[in-house]
Amino acid sequence: MAKLVIEGGNRLRGKVNISGFKNAALAILPATILTGDNCIIENLPMIQDVFVYRDILLKLGADVSISDSGLMNVDTSKIEKCFIPNGLTKKLRASYYLLGAGLGRFKDVTISYPGGCDIGLRPIDQHIKGLEALGGTFEVKDDVIRVSAKKLKGNKIYLDVVSVGATINIMMAAVFAEGKTVIENAAKEPHVVDTANFLNAMGASIRGAGTDVIRITGVEKLHGGEYSVIPDQIEAGTYMIAAAVTKGDLIINNIIPKHLEPVTAKLKEMGMNIEEYGDSLRVHYEKELVPVNIKTLPYPGFPTDLQQPMTVLLAMTKGDSIVIESIFENRFKYIDELVKMGARIKVENRAAAIKGVEKLNATEVKATDLRAGAAMVVACLAAEGVSTVNDIYHIDRGYEFIENKFMNLGAKIRRVEDEDQQI
Ligand code: EPZ
């Protein structure tokens, strides 16, 4: 299995281009089903999860072609039904969007239970509640979920927890529900807005995405068209934190600085210099950093998807800090790997108490999930000596060309497929 071999201790310097946002792409691709037409989606990241979605769309009967530059042509006109209980949907979490998109277009969907990173229970009760409120009936047997409806009718839906997935799923089905749907306590994440913008560009009527009340008026039909996915603020945040961890100086290009505010604010509080420009920012280290406390929250709070790399930074920052993970109940599994590198961290329930150490030791670690894997790479870039990150298939699900991007910034990092670990 592939691994990354990293000789750490180099300050990162240079410019990095941020790819399209994985979590927006993974909502927009299933949303193309709703159009039943030809869509051209640009700025897709070339990552495993996008390739899995291409395979899902192909399996459903769509015509799909994808270029190396991240442009996908998807024609969903030939899809006749949304029936895919063969396990393919277990390969990623975002396959749950087939429930909303398939229900919207075909009024009947069958899929295997969605998979994704093992970071907690990840129930889908709010998706079910929302789709049922629109007229859907669920049958869950073994590992297969079916939702069907005679017709969809708009309704008022209050989400008990702020859920990105449930918000987007309900929005997708509601596009074709008769009358008005109102989602209250909706998620405000940038990919909720991006999906709404895509659907509106194709003829939907969705207002309020980005606030906690979203209003959708059902329409008869969507048309095809062209759309470009927003930049990945989680990838961008990972590189910003890598700059801090390695005491480096990076220009992060192709971003929306506003989406990065929670990260920018915390890094500035720690003492990093950050200058924002139109669609880029410079992040550079000048003086010793001070610890901060972090609590993950729904957007615009500090993102749970950057909790892991941020913990690496705090683990190497002199002083005490606390990280509270309030979104997922089991997102600290990677801490054992960090402790192997010499970090001093104690976890109790959803809180990690960190005593910063001067340096981490190079060693062999593994990616326990996608963002934990990115955190391990960041840790190994800072640890002096040669480290290995195993199980990087998790990282490949969500970070485009990670080793090439870091190599261009001066990191000594390479992918090996076998036992040869020489740099
Ligand atoms: C999305 O997951 C992202 N995944 C996650 O990114 C991200 O961490 C998360 O949103 C939060 O921002 C995709 O977009 C594919 P939620 P999702 O529904 O939709 C609870 C990554 O690394 N909940 O907003 O699964 C849930 O258990 C991934 O890129 C319910 O209780 O997250 C969690 O505690 C990991 N019932 C909280 O809500 C439900 O029906 C937020 O989950 C749904 C969710």
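Predicted model, so just to flag it, every value in this text is computed and none were measured.

Undergrad: Looking at this model, I keep getting lost on the overall build of the chain. Mind explaining?
TA: Scanning the chain from N- to C-terminus turns up 13 helices and 24 strands. In terms of overall dimensions, the chain is globule-like: its C-alpha atoms have a radius of gyration of 21 Å, near the 22 Å expected for 423 residues. Expressed along its principal axes, the backbone C-alpha trace of the chain runs to roughly 60 × 45 × 40 Å. When the 423 residues of the chain are sorted by exposure, 58% land in the buried category. By sequence separation, contacts in the chain at least 24 residues apart represent 72% of the contacts at least 6 residues apart.

Undergrad: In this structure, what is going on with the packing of aromatic side chains? I would like to understand it.
TA: Aromatic ring pairs are defined here through the distance separating the ring centres and the angle between the ring planes. The full count for this structure, using the stated rule, is three aromatic pairs. Ring centres of F198 and Y227 lie 5.5 Å apart, and the angle between their planes is 70 degrees; on these two criteria the pair is classed as edge-to-face. You can see F198 sitting in helix α6 (residues 190-201) and its partner Y227 sitting in strand β14 (residues 225-228), a full 29 residues away along the chain. Classification of F198 as buried rests on a relative accessible area of 0%. Overall, the relative accessible area of 13% leaves Y227 in the buried class. For the ring pair Y239 and F406, a centre distance of 4.6 Å and an interplane angle of 35 degrees mean the geometry is tilted.

Undergrad: Explain the sheet that holds strand β16 (residues 273-276) to me, please; I cannot follow it from the model alone.
TA: For sheets, the rule is that strands pair by backbone hydrogen bonds, running either parallel or antiparallel. In spatial order, the strands read β2-β15-β17-β16; together these four strands make up an open sheet with mixed pairing. Edge strands, defined here as strands with exactly one partner in the open sheet, are β2 (13-17) and β16. Mean inter-strand twist for the sheet, computed between neighbouring axes without regard to direction, equals 15 degrees. The pairing of β2 with strand β15 (residues 249-253) spans five bridges and is parallel.

Undergrad: I tried to follow the nonpolar core on my own but got confused; where do I start?
TA: The tendency in soluble globular proteins is for nonpolar side chains to be buried as a group. In terms of nonpolar packing, the biggest core is built from 152 residues, with I252 and F406 touching the most fellow members. Counting residues per element, this core draws most heavily on helix α11 (residues 370-382), which supplies eleven residues. Structurally, this core is a two-domain feature, drawing no fewer than three residues from each of domain 1 (3-19 + 231-416) and domain 2 (22-228). With near-sequence residues (within four places) excluded, I252 lies in contact with V16, I18, A236, Y239, M240, D279, S280, L281 and V283.

Undergrad: Explanation requested: the environment of D160 in the structure shown.
TA: Tracing the chain through its elements places D160 in the loop between β10 (156-158) and α5 (164-174). Side-chain polar atoms of D160 contact the side chain of K129, separated by 2.9 Å.

Undergrad: Explain the sheet that holds strand β4 (residues 63-66) to me, please; I cannot follow it from the model alone.
TA: Pairing within the open sheet is mixed, and its four strands lie in the order β4-β5-β3-β14. Of all strands in the sheet, those with a lone pairing partner are β4 and β14, marking the two edges. The mean inter-strand angle of the sheet, taken between neighbouring strand axes irrespective of direction, is 15 degrees. As defined by bridge partners, strand β3 (residues 38-42) adjoins strand β5 (residues 72-75) across four bridges and the pair is classed as antiparallel. What sits directly across from N38, in β5, is D75. The strands that α6 touches are β3 and β14; relative to β14, the one it contacts most, it runs at about 160 degrees.

Undergrad: What's the story with the domain arrangement of the chain in this structure? I'm lost.
TA: By a frequent convention, interface size equals the accessible area lost on bringing the separate parts together. Domain assignment breaks the chain into domain 1 (3-19 + 231-416) and domain 2 (22-228). Each of domain 1 and domain 2 has a C-alpha centre, and the two are 30 Å apart. On the domain 2 side, the residues contacting the 24 residues of domain 1 number 22 residues. Carbon and sulfur atoms supply 54% of the area buried between domain 1 and domain 2, which totals about 1900 Å² over both sides.

Undergrad: Would you mind going over the pattern of salt bridges with me for this structure?
TA: Where side chains of opposite charge bring their charged atoms close, a pairing between them can arise. With the rule as written, the count across this model stands at 22 salt bridges. R146 is the salt-bridge partner of E139, the closest N and O atoms lying 3.8 Å from each other. Look at R146 and you get partly exposed, because its relative accessible area is 31%. Taken together, the salt bridges that share partners define one network made up of D108, E139 and R146.

Undergrad: Even after reading the chapter, I still don't get the site of the ligand, so can you show me in this structure?
TA: Not every one of the 24 residues close to the ligand is listed here, only the nearest: Y96, Q126, S163, D305 and I327. The separation between an oxygen atom of the ligand and a polar main-chain atom of P123 is 3.3 Å. The protein chains hide 90% of the 820 Å² of surface that the ligand would expose on its own. Among the secondary structure elements, those contributing two or more residues to the shell around the ligand are α1 (22-35), α4 (125-133), α5 and α11. Here the shell around the ligand gets three residues from one element, more than from any other, and that element is α4. Among the residues making up the shell around the ligand, the classes are represented as eleven nonpolar, seven polar and six charged. Inspection of the shell around the ligand shows a minimum of three residues originating in each of domain 1 (3-19 + 231-416) and domain 2 (22-228).

Undergrad: Would you take a moment to explain the pairing of strand β1 (residues 3-8) for this structure?
TA: On a regular strand, each side chain points to the face opposite its neighbour's, so the side chains alternate between the two faces of the sheet. Across the six residues of β1, five count as buried, placing the element largely inside the fold. Alignment of β1 against strand β24 (residues 412-416), held across five bridges, turns out to be antiparallel. When the sheet's bridge partners are listed, I6 is paired in β24 with I413.

Undergrad: Whenever I open this one, the environment of I214 confuses me. Can you help?
TA: Checked against the element boundaries, I214 lands in strand β13 (residues 213-217). For I214 and I157, which are 57 residues apart along the polypeptide, the C-alpha to C-alpha distance reads 9.9 Å.

Undergrad: How should the packing of α5 against α6 be read in this particular structure?
TA: The angle between the axes and the distance between the axes are what describe a pair of packed helices. Two elements in contact, α5 and α6, have axes separated by 10 Å at closest approach and are oriented at 10 degrees. By the angle class used here, α5 and α6 are roughly parallel. Residue-level contacts link V164, T167, I168, M171 and M172 of α5 to H191, V192, T195, A196 and L199 of α6. Here the contact of α5 with α6 is composed, by residue class, of seven nonpolar, three polar and no charged.

Cut-offs applied
- Residues numbered from 1 in each chain as written.
- Predicted model: local features only at pLDDT ≥ 70, side-chain atom pairs only at ≥ 80, totals over all residues.
- Heavy atoms only, no water.
- Helix = DSSP H or I, 4+ residues; strand = E, 2+ residues; numbered from the N terminus.
- Rg over C-alpha atoms; globule rule 2.2 N^0.38 Å.
- Buried < 20%, exposed > 50% of the residue type's maximum accessible area, 1.4 Å probe, protein only.
- Contact = heavy atoms within 4.5 Å.
- Phe/Tyr/Trp six-rings, centres within 6.5 Å; stacked < 30°, edge-to-face > 60°.
- Pairing = 2+ DSSP bridges.
- Axes fitted to C-alpha atoms, helices over the stretch in contact; angles between N-to-C directions.
- Core = buried A, V, L, I, M, F, W, Y, C linked by side-chain atoms within 4.5 Å.
- Domains from an automatic or database assignment.
- Polar contact = N/O pair within 3.5 Å; in protein donor to acceptor, adjacent residues only side chain to side chain.
- Buried area = accessible area lost by both parts, 1.4 Å probe.
- Salt bridge = Lys/Arg side-chain N within 4 Å of Asp/Glu carboxyl O.
- Near = heavy atom within 4 Å.
- Areas by Shrake-Rupley, 256 points an atom, 1.4 Å probe, with all protein chains shown as cover.
- Nonpolar A, V, L, I, M, F, W, Y, C, P; charged D, E, K, R; others polar.
- Parallel < 35°, antiparallel > 145°, perpendicular 65-115°, else oblique.

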